[in-house]
Amino acid sequence: MVDELVPNNSSEFLIYQTEDGRTRVQVRIDRETVWLSLNQLVELFGRDKSVISRHIANVFKEGELQRVAVVAEYATTAADGKTYQVDHYNLDVIISVGYRVKSLRGTQFRIWATQTGEMRPTVYKRDV
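Everything numeric in this text was worked out from a predicted model, so none of it was measured.

Scoring rules and cut-offs
Residues numbered from 1 in each chain as written. Predicted model: local features only at pLDDT ≥ 70, side-chain atom pairs only at ≥ 80, totals over all residues. Heavy atoms only, no water. Salt bridge = Lys/Arg side-chain N within 4 Å of Asp/Glu carboxyl O. Helix = DSSP H or I, 4+ residues; strand = E, 2+ residues; numbered from the N terminus. Phe/Tyr/Trp six-rings, centres within 6.5 Å; stacked < 30°, edge-to-face > 60°. Buried < 20%, exposed > 50% of the residue type's maximum accessible area, 1.4 Å probe, protein only. Lys NZ or Arg CZ within 6 Å of the ring centre and 35° of its normal. Polar contact = N/O pair within 3.5 Å; in protein donor to acceptor, adjacent residues only side chain to side chain. Pairing = 2+ DSSP bridges.

Please explain the pattern of salt bridges as it appears in this structure.
For side chains bearing opposite charge, pairing can occur when the charged atoms are close. The full count for this structure, using the stated rule, is six salt bridges. The salt bridge partner of Arg100 is Glu62, with a shortest N-O separation of 2.9 Å. One end of the pair, Arg100, is in helix α4 (residues 91-100); the other, Glu62, is in the loop between α2 (49-61) and α3 (67-70), and 38 residues separate them in sequence. Through salt bridges that share partners, Asp20, Arg22 and Arg105 make up one connected network.

Structure representation (structure tokens):
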């Protein structure tokens, strides 16, 4: 797993790499947690986009998490060069989806994200 810092104006990013080295995901660090987009969740868990979308919808439908507390929109530049506002999901959602898809990668990511927070306290410092 790689802890490579990627600079950005408003957030910091780390690169998460699976233990087998086959998947690398750029992870946003902001507001004391990590954030991934739907496409990044698909890449992390190696499941179809419709499967991940359904699990996310069920997390909110079943009242496991409240959308307003765990979803944030971030500007993302697409391959076409245009900037779009894209929903990103925090670690609580990532963990919930990981349990639902029974993903070893999800467990490994949770451990990495937790350790990363402990090793990088300035990244998770709350703005006052």
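Can you walk me through the packing of aromatic side chains in this structure?
What characterises a pair of aromatic rings is the spacing of the ring centres plus the angle enclosed by the ring planes. The final tally for this structure, using the stated rule, is four aromatic pairs. An angle of 85 degrees between the planes, with centres 5.0 Å apart, marks the rings of Tyr16 and Phe109 as edge-to-face. Taken together, the positions of Tyr16 in strand β2 (residues 12-17) and Phe109 in helix α5 (residues 104-119) put the pair 93 residues apart, joining distant regions of the chain. On the accessibility criterion, Tyr16 (0% relative accessible area) is buried. For the ring pair Trp35 and Tyr74, a centre distance of 6.0 Å and an interplane angle of 70 degrees mean the geometry is edge-to-face. You can see Trp35 sitting in strand β4 (residues 33-37) and its partner Tyr74 sitting in strand β5 (residues 71-77), a full 39 residues away along the chain. Since its relative accessible area comes to 3%, Trp35 is described here as buried. The residue whose ring lies beneath Arg28 is Tyr74, and the NZ or CZ to ring-centre distance is 3.8 Å.

Please explain the side chain of Asp30 as it appears in this structure.
Turning to its location among the elements, Asp30 is positioned in strand β3 (residues 24-30). On the basis of relative accessible area, Asp30 is assigned to the buried category, the value being 17%. Of note is the side chain of Asp30, whose polar atom sits 2.7 Å from the side chain of Tyr74.

What should I look at first to understand the pairing of β4 in this one?
Of all five residues in β4, five are buried; the element is thus mostly enclosed. Across the two faces of β4 the burial is the same, with Thr33, Trp35 and Ser37 and Val34 and Leu36 all buried. The pairing of β3 with β4 spans three bridges and is classified as antiparallel. Note that in β4 the partner of Asp30 across the bridge is Thr33. Hairpin connection between β3 and β4: a loop of two residues separates the two successive antiparallel strands, and Arg31 in this loop has a positive phi of roughly 50 degrees. Where β4 lies against strand β6 (residues 83-90), three bridges are found, and the strand directions are antiparallel. Note that in β6 the partner of Ser37 across the bridge is His88.

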